[in-house]
Structures are given as structure tokens and as C-alpha cells.
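Close look at the chain arrangement
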Amino acid sequence: MPYFCPMMIEVQNTIVSEDIFSKEFVCNLSKCKGACCTQGDSGAPLKKEELAILDEIYPKIKPLLSPKGIAAIEKQGKYVLDKDQEWGTTLVDNQECAYVVYKEDGTNICAIELAYAQNIIDYKKPISCHLYPIREKETKSGFSLLNYDRWDICSDACSLGKELSVSVFGFSKEPLIRRFGEDWYKEMQEVEQELHKQNRI
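These remarks concern the structure in this document. This is a predicted model, so every value here is computed, not measured. (Residues numbered from 1 in each chain as written. Predicted model: local features only at pLDDT ≥ 70, side-chain atom pairs only at ≥ 80, totals over all residues. Heavy atoms only, no water.)

Comments concerning the pairing of strand β3 (residues 14-17)
Heads up, the condition is: DSSP bridges decide pairing: two strands pair if at least two such bridges lie between them. In DSSP terms, a helix is any run of H or I states spanning at least four residues, a strand is any run of E spanning at least two, and both are numbered starting from the N terminus.
Two elements, strand β2 (residues 8-11) and β3, share four bridges in a ladder whose sense is antiparallel. Each residue of the ladder has a partner; that of glutamate 10, found in β3, is isoleucine 15. Where β2 folds back on β3, the antiparallel hairpin that results is connected by two residues, among which glutamine 12 adopts a positive phi of roughly 50°. For β3 and strand β11 (residues 144-148), the ladder comprises three bridges, and the chain directions are parallel. What sits directly across from valine 16, in β11, is leucine 146.

Topic: the nonpolar core
Note the cut-off: Here, nonpolar core refers to any group of buried Ala, Val, Leu, Ile, Met, Phe, Trp, Tyr and Cys residues whose side-chain atoms link them within 4.5 Å. Per-residue accessibility, obtained with a 1.4 Å probe over protein chains only, is compared with the maximum for each type, and a residue is labelled buried under 20%, exposed over 50%, and partly exposed between these values. Only heavy atoms enter the contact rule, under which two residues are in contact if any of them lie within 4.5 Å.
One finds Ile20, Phe21, Leu146, Leu176 and Trp184 to be the most contacted residues of the largest nonpolar core, which totals 26 residues. For this core, the element with the most residues is helix α10 (residues 182-197), which contributes five residues. Once residues within four sequence positions are removed from consideration, isoleucine 20 is found in contact with Ile134, Leu146, Asn147, Tyr148, Ser167, Val168 and Phe169. Counting 23 residues, the second-largest nonpolar core is a separate cluster that includes Ala72, Cys97, Ala98 and Ile112.

Examining the packing of helix α9 (residues 173-180) against α10
Convention followed: For helices, the axis comes from a line fit to the C-alpha atoms of the stretch in contact; other axes are also lines fit to C-alpha atoms, and the angle between any two N-to-C directions lies between 0 and 180 degrees. Angle categories are assigned with fixed cut-offs, so that under 35 degrees is roughly parallel, over 145 is roughly antiparallel, 65 to 115 is roughly perpendicular, and the rest are oblique. Polarity classes work like this: nonpolar for Ala, Val, Leu, Ile, Met, Phe, Trp, Tyr, Cys and Pro, charged for Asp, Glu, Lys and Arg, and polar for all others, with Gly in that last group.
Look at α9 against α10: their axes get within 7 Å of each other, and the N-to-C directions meet at 130°. Looking at the two axes, α9 sits oblique to α10. Together, Lys173, Leu176, Ile177 and Phe180 of α9 and Glu182, Trp184 and Tyr185 of α10 make up the contact between the two elements. The residue inventory of the contact of α9 with α10, partitioned by class, reads five nonpolar, no polar and two charged.

Quick notes on unusual backbone geometry
The omega angle of the peptide bond from tyrosine 132 to proline 133 is 20°, so this bond is cis rather than trans. Within the secondary structure layout, proline 133 lies in the loop between α6 (127-131) and β10 (134-138). In this structure, lysine 33 is a non-glycine residue whose phi angle is positive, near 60°. Secondary-structure assignment places lysine 33 in the loop between α2 (29-32) and α3 (48-61). Lysine 33 gets classed as partly exposed once you look at its relative accessible area, which sits at 29%. Even without glycine at this site, aspartate 93 takes up a positive phi of about 55°. For aspartate 93, the location among the structural elements is in the loop between β6 (91-92) and β7 (96-97).

If you want it as C-alpha cells, here you go:
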């Protein structure tokens, strides 16, 4: 059974912020042009098991990468330790992700996701990217803390989510199931219903 407390809910081995249910969000790529892939001070967080995946798929996605992305990866590696000593994707000049490619309209897209869409690989993209705007932090005790990450570059996504009445939780259904499974997501749906009953969202 879920455990409710102010602002946070414990479900199985996760502790989830109520913001994930109460805040609206729908990625508006036509507005932001994928700015989350080119801004920030570190690359996309990677789980240890994803390092081997990047090693395996790199030869397959390399033809899709930009010359500067390839140069950064070949100089720094396919992944790097950030300032917090956590693994993340490589950056070009400490700015954009090395795995970013650009469409003709200026939109940034992930070469890994592009390769997945073209059936070149069966790995969609790092789970941290897929989950965004949800950020996961794993504790030493084995729990995953899930929080809604507010970023001003996503203001158009917040506006679109509000217009369409789609919560962060609803928008993130696919990556949440990918990360935690169908049973976990169904239990989270029950949590959402209970929060509505309590007028907490």
C-alpha cells in the first residue's frame, strides 16, 4: 500500500513528489527546439548499466553524429564523470550533448533516439532523458527519489500541459513504465485517484 505524507508519497521502492501529479507538462518541441539537450553544465545522467550500452551502440550511431560530437567523444570518451563524480553523456565545449544532431529547422534531436526510430538499435535513449522533467535520485538504501525538475526553458511545455490538462505523471507514462514497470505505474494511478479524492491535486 502507498504511504502518504505531505508532499511526498512512498510507492514500493520509490518516494515520489506530489508535484509529479499536480503540475502540468507536455513537451513543446516546436517552441523550445530541444534546448534541454544543449543547455546546462553537465551531460545527461547515466546509470552504470547504460555505460556498456553506449559502448556497444556507439559504432552504429556514429554515422548519425555531428563532426564536433564525434570529436568530443573520441577525445573525452563516450561518457564522462561530472563535477559530482556521477556518470553523464559527453559534452561539446561544456555545452551541448555530444549525441545531439540538428534538423533543418534548427530543432535539436538525440542521435540515439533517431537511431532507435530507424530500427538501427533497440535502446531508445538514456532513461534520465526519457523521464525528464522527472529527475531520479537513487539512495544508498535502495530507494529512488522522484522529483519534478523545474527549468525556465520548459515554460512552453508547462503552458501546453496546462492547456491540455496533462500532468507530469500522465506525460511521463511511457518512461515511468520503462523504468519501474506496469504494476508500479498502476499503483501510481491509484495514488493519483486518492490524491484527487483528498483534493490534494
